[in-house]
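Below, each chain spelled out in residue letters.
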Amino acid sequence: MALIELQEVSKLYGFGDATTLALDEVTLSIEKGQFVAVMGPSGSGKTTLMNILGLLDRPTHGPYVLDGRHVSRLRSNQQAKVRRDRIGFVFQSYNLLTRLNVLENVALPLAYRGMTPVRRQKQASDMLERVGLREREYFFPRHLSGGQAQRAAIARALINKPSIIIADEPTGNLDSTDSKVVMELFADIHRQGNTILLVTHNPELTRYAERVLYMHDGMIVGDETTAIGNMARGARKTYFERRKVSDDDIVAGVSALMRDVPGKELAAKSDSEKGRSKKSTSKRRTRKVKR
Amino acid sequence: MWSGNVKAAVNSLRTSKWRSLLTMLGIIIGVSSVVTIVSLGQGLKNQILGQINQLGSDVVTVRSGKIVNEDNGGGSSLNFLGLFSASTLSDADVTALKELPSAKAVVPMAFVTNSAKSGNSQLDNVFVIGTSPEMSQVLNQKVKYGEFFTQDSEDTNFAVIGPNIAHKIYGELNPVGQSIEVLGESFVIRGILSQSSGGLFSIAQTDFNSAVFIPFSHAKRLTDNRLNILQIVVRGQNPDNLDPTIEEVKKTLLSTHKGQENFSVLKQYELLSIASGVVNTITGFISGIAAISLLVGGIGIMNIMLVSVSERTREIGIRKALGATNRQILSQFLVEGMALSIGGGLIGIIASAVIYFGLRIYTDLQPVITLPVVALAVLVSVSLGIIFSVAPALKAARKDPIQALRGD
């Protein structure tokens, strides 16, 4: 049994003729201990996929099984507990809480588990030791360099011994030296048997991964197994220019939607998502321009 | 979890000290004013109750005007105007009451004038009261120097004065034997009363620090028989059971008043309970007004908490991504709001303690801060914190993690 199983999972935003398909029947399974890189142009659905895998968002259709458990339809409090115990997030902008010092930041997920302060500080301290930030424990995030902040964030992601670590462009804000330090840390974590899902724009980083997924228009268009240390073949070809949107594309997009989703069901589903529609149509278009 | 929340709340309040302090100000003002007003009322009541103990329990007071006093119901009111309007009690009443077998002593207190002269100085803040020698028996103030005029000397121009007057006119000298002039007639000072602890608020009229007593017969003569009798104090034969005396007094007065009940017959404690009832009402009323500032303070907290929630949208998103449940986010912001209001409450209590000592030291007021009042203040501020933080905390808890993470 794979750690992560997605069966034809779709995510729709908006309703009516303004519906956008952020994920289009994605079927995916990830084994425990894999280091998976996800590549694709902006707006290809990478972040939506991460949000669904990280239980921050719910799929519109399709089951998501994490560690043998159907999690996509859980109540939000249950999902929060799954996030707490099984998922570690690393963000592009570190997302450390500025009011807390490094130690408290790292210990935060343990606090939500109800662990006593003494124990969680001890564990957090050990974890900081592992990422080489022991002597920065009582620093505040604003006093850390980008690389140090990201390592603290990784320590926080690891603190609950999660089943999977989801890193969304963790080196996006870092210079090449810091990027290397952070990626070596990920490699180290991977060697200790952790499952890592890395979203990146940088083909170089596929050297750390053993499997690379390519996404386009909400679909996984390529799935390549690669040796660690080698850059993935597909990654070289990935182009990062923004795509021009022609009238044909728009027509094709709409017809694709009409084909994919049976009419009545769509209406019912999307009624509940009223209000988001305008925002997300424009978003879908502008996202390609924005990044 | 809770201790962590408290620490986090204090931490986040500390990062914006000025904002927190200004937010707490409403609660501080509300709590301190309510505590101060209640303590003043309590002090006032204590002073009145102290007077009950000083007075004999065997006296019945007859007052002009009908005082409505529902049985223990608290719905009592004192007709203050009765003190200043013409009295319905007359000399005839006094004479009639003196005939009663159950009355050991009948002491009329007739208002003569409110000014007296001595030498060159005119005194305007005095009550010149015509009374009988038995006054000394029902008076809660002892005669410190000299003595009260007696039955034998009733026709002599003798007067007994309160300590304040003695001090004002004669300073440290003992004025016994000096003279004081009332309505153009000279009276020899026979005695001086001791200082009463009654203080400023002597609604029960047992404070005679600024009074001049002259014999009843002279009062009658000086006012051309148009006596304004403030009250008649009747001392019963049997101190343990005053009810027959009261009945008799009522019956007698009804007959002299031709059936009209335009007077009141009161036991001392009834009189005082009316007075303290009035104090209670006033205290309650002013406290109610002060409590409005508590409400405004609570709304201030809600306002700031709402601002804080939208400022910290991103933090909420991060916390949710790390596995905080809605309930945990809710309790975080609830605790923060409560920290604001409890902090405000505590500072308010400290402020009212400062006011308390200030009042004790610099004024004649004797406020009393009791534990229940302080406990109530804490309770109110805690509940304000909870009530007014619920809406912001719910708003925080219900944020969608993805949108919150985007930080908008």
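Please refer to the structure placed before this passage.
On a predicted model such as this, the values are computed, not experimentally measured, just so you know.

Q: Residues and numbers for the overall build of chain B, please.
A: When you go through chain B residue by residue, the secondary structure sums to twelve helices and twelve strands. Burial analysis of chain B (408 residues in total) assigns 50% to the buried set. Put simply, chain B shows about 19,100 Å² of open surface, and 59% of that area lies on carbon and sulfur atoms.

Q: Explain the overall build of chain A residue by residue, including any values.
A: Along the backbone of chain A there are ten helices and ten strands. Relative to its full complement of 291 residues, chain A shows a buried share of 55%. Taking the intrachain contacts of chain A between residues at least 6 apart in sequence as the baseline, contacts between residues at least 24 apart amount to 70%. On chain A, roughly 13,600 Å² of surface is accessible, and the fraction owed to carbon and sulfur atoms is 50%.

Q: Tell me what's going on with the packing of helix 5 (residues 146-158) of chain A against helix 6 (residues 176-191) of chain A, and back it up with residues and numbers.
A: How two helices pack is summed up by the angle between their axes together with the distance between the axes. All names here are of chain A. Between helix 5 and helix 6, the shortest axis-to-axis distance is 9 Å and the interhelical angle comes to 20°. As summarised for this structure, helix 5 and helix 6 are arranged roughly parallel, according to the angle between their axes. Once helix 5 is placed against helix 6, the crossing between them reads as right-handed. Together, G146, G147, Q150, R151, I154 and L158 of helix 5 and D178, V181, V182, L185, F186 and I189 of helix 6 make up the contact between the two elements. The class makeup of the residues in the contact of helix 5 with helix 6 is seven nonpolar, three polar and two charged.

Q: So what about the sheet that holds strand 5 (residues 69-70) of chain A? Which residues, and what values?
A: Residues and elements named next belong to chain A. One open sheet accounts for four strands, arranged 2-1-4-5; its pairing is antiparallel. Bordering the open sheet on either side are strand 2 (20-30) and strand 5, each of which pairs with just one other strand. Bridge count between strand 1 (residues 4-13) and strand 2: seven bridges; the pairing is antiparallel. Across the sheet, K11 pairs through a bridge with L23, a residue of strand 2.

Q: Go over a nonpolar patch on the surface with me, naming the residues and quoting the values.
A: Residue and element names in this part refer to chain B. A surface patch of nonpolar side chains, amounting to about 610 Å² of accessible area, comprises W18, L21, L22, L25, I29 and I347. At five residues, the largest contribution of residues to the nonpolar patch is made by helix 2 (residues 17-54). Under the relative-accessibility criterion, I29 is labelled partly exposed at 47%.

Q: A description of the sheet that holds strand 9 (residues 211-216) of chain A should follow, citing residues and the corresponding values.
A: Residue and element names in this part refer to chain A. Across the sheet, which stays open at both edges, the six strands sit in the order 6-7-8-3-9-10 with mixed pairing between neighbours. Looking along the sheet, the strands with just one partner apiece sit at the ends: strand 6 (87-90) and strand 10 (219-225). Across the sheet, the mean angle from the axis of one strand to that of its neighbour is 20°, orientation sign disregarded. Strand direction decides the pairing type here: strand 7 (residues 164-168) and strand 8 (residues 195-199), joined by five bridges, are parallel. Across the sheet, I164 pairs through a bridge with T195, a residue of strand 8.

Q: I'd like to hear about the packing of aromatic side chains, residue by residue, with values.
A: In the structure shown here, the tally under the stated rule is five aromatic pairs over all chains. With a centroid separation of 4.8 Å and an interplanar angle of 50°, the aromatic rings of B:F148 and B:F149 are classed as tilted. Residue classification places B:F149 among the buried positions, given a relative accessible area of 1%. One aromatic cluster is present, built from ring pairs that chain together B:F148, B:F149 and B:F213. The side chain of A:R136 reaches across the aromatic face of A:F139, ending 5.0 Å from its centre. Stacked on the ring of B:F158, the Lys or Arg B:R190 has its end atom at 4.5 Å from the ring centre.

Q: Let's hear about the pattern of salt bridges: which residues, and what values?
A: Within this structure, the stated rule accounts for 19 salt bridges over all chains. The partner of A:R99 in a salt bridge is B:E315, and the shortest N-O contact between them spans 3.7 Å. Taken as a pair, A:R99 in the loop between strand 6 and helix 3 (102-113) and B:E315 in helix 9 (residues 313-321) lie in two separate chains rather than in one. On the basis of relative accessibility, which here comes to 28%, the residue A:R99 falls in the partly exposed class. For B:E315, a relative accessible area of 10% corresponds to the buried category.

Q: Help me get a handle on the side chain of A:D57, residues and values and all.
A: Along the chain, the position of A:D57 falls in the loop between helix 1 (46-53) and strand 4 (64-66). In this structure the side chain of A:D57 is engaged in a polar contact, spanning 3.3 Å, whose partner is the side chain of A:K11. Setting aside anything within four residues of it in sequence, one finds A:D57 in contact with A:K11, A:Y13, A:N51, A:I52 and B:I402.

Q: Provide a residue-level description of helix 2 (residues 76-86) of chain A, including the pertinent values.
A: Because an α-helix packs 3.6 residues into every turn, residues spaced three or four apart end up facing the same way. What helix 2 of chain A keeps buried is the set A:Q79, A:A80, A:V82, A:R83 and A:R84. Those residues of helix 2 of chain A that are buried are in contact with strand 4, strand 5, strand 6 and helix 3 of chain A together with helix 9 of chain B.

Q: Pulling in residues and values, what's your account of the nonpolar core?
A: Generally speaking, soluble globular proteins have nonpolar side chains that are buried together. Residue and element names in this part refer to chain A. By size, the foremost hydrophobic cluster in this structure holds 66 residues, and its most contacted members are L49, L53, Y64 and L197. Look past the residues within four positions of Y64 in its chain and what remains in contact with it is I4, E5, L6, I52, L53, L55, R69, H70, V71 and S72. Counting residues in each nonpolar core, the second largest holds 44 residues, with A124, A152, L158 and L198 among its members.

Q: A description of the interface of chain A and chain B should follow, citing residues and the corresponding values.
A: How big an interface is tends to be reported as the loss of accessible area on association of its parts. The interface is formed by 26 residues belonging to chain A together with 26 residues belonging to chain B. Across the chain A/chain B interface, buried area totals approximately 2,200 Å², and carbon plus sulfur atoms make up 54% of it. It is A:L56, A:R99 and A:Y112 in chain A that bury the most area against chain B; as a group they hold 33% of the surface buried on that side. Counting every contact that joins chain A to chain B gives one salt bridge. Linking chain A to chain B there are seven residue pairs in polar contact (both at pLDDT 80 or more). Every element with two or more residues in the side of chain A that touches chain B is listed here: helix 2, helix 3 and helix 10 (277-290) of chain A.

Q: Describe unusual backbone geometry, listing the residues and the values that go with them.
A: Trans peptide bonds make up most of the peptide bonds, and negative phi angles are found at most residues other than glycine. Residue and element names in this part refer to chain A. Its identity is not glycine, yet E8 carries a phi of approximately 45°, on the positive side. Within the fold, E8 resides in strand 1. A positive phi is found at E169, a non-glycine position, where the angle reads about 50°. Here E169 is to be found in the loop between strand 7 and helix 6.

Q: Residues and numbers for the side chain of A:R151, please.
A: Residues and elements named next belong to chain A. As for its position among the elements, R151 is in helix 5. Although R151 is buried, it makes no salt bridge; D178 carries the closest opposite charge, 6.2 Å away. Only 3.0 Å separates the side chain of R151 from the backbone oxygen of V131, close enough to count as a polar contact. Those residues in contact with R151 that sit more than four places away from it in its chain are V131, G132, L133, V181, V182 and L185.

Q: Can you lay out the environment of B:I165 for me, pointing to particular residues and giving the numbers?
A: Residue and element names in this part refer to chain B. Within the fold, I165 resides in helix 5 (residues 163-170). Residue classification places I165 among the buried positions, given a relative accessible area of 1%. Separated by 49 residues in the primary sequence, I165 and A116 place their C-alpha atoms 9.9 Å from one another. Those residues in contact with I165 that lie beyond four places of it in its chain are L123, V126, Y170, I180, N209, S210, A211 and V212.

Conventions used here
- Residues numbered from 1 in each chain as written.
- Chains lettered and ligands numbered in written order.
- Predicted model: local features only at pLDDT ≥ 70, side-chain atom pairs only at ≥ 80, totals over all residues.
- Heavy atoms only, no water.
- Helix = DSSP H or I, 4+ residues; strand = E, 2+ residues; numbered from the N terminus.
- Buried < 20%, exposed > 50% of the residue type's maximum accessible area, 1.4 Å probe, protein only.
- Areas by Shrake-Rupley, 256 points an atom, 1.4 Å probe, with all protein chains shown as cover.
- Contact = heavy atoms within 4.5 Å.
- Axes fitted to C-alpha atoms, helices over the stretch in contact; angles between N-to-C directions.
- Parallel < 35°, antiparallel > 145°, perpendicular 65-115°, else oblique.
- Left-handed = near helix turned anticlockwise from the far one by under 90°.
- Nonpolar A, V, L, I, M, F, W, Y, C, P; charged D, E, K, R; others polar.
- Pairing = 2+ DSSP bridges.
- Patch = residues over 30% accessible without salt bridge, like charges linked within 9 Å, V, L, I, M, F, W, Y side chains within 5 Å.
- Salt bridge = Lys/Arg side-chain N within 4 Å of Asp/Glu carboxyl O.
- Phe/Tyr/Trp six-rings, centres within 6.5 Å; stacked < 30°, edge-to-face > 60°.
- Lys NZ or Arg CZ within 6 Å of the ring centre and 35° of its normal.
- Polar contact = N/O pair within 3.5 Å; in protein donor to acceptor, adjacent residues only side chain to side chain.
- Core = buried A, V, L, I, M, F, W, Y, C linked by side-chain atoms within 4.5 Å.
- Buried area = accessible area lost by both parts, 1.4 Å probe.
- Lys, Arg positive; Asp, Glu negative; His and termini not counted.

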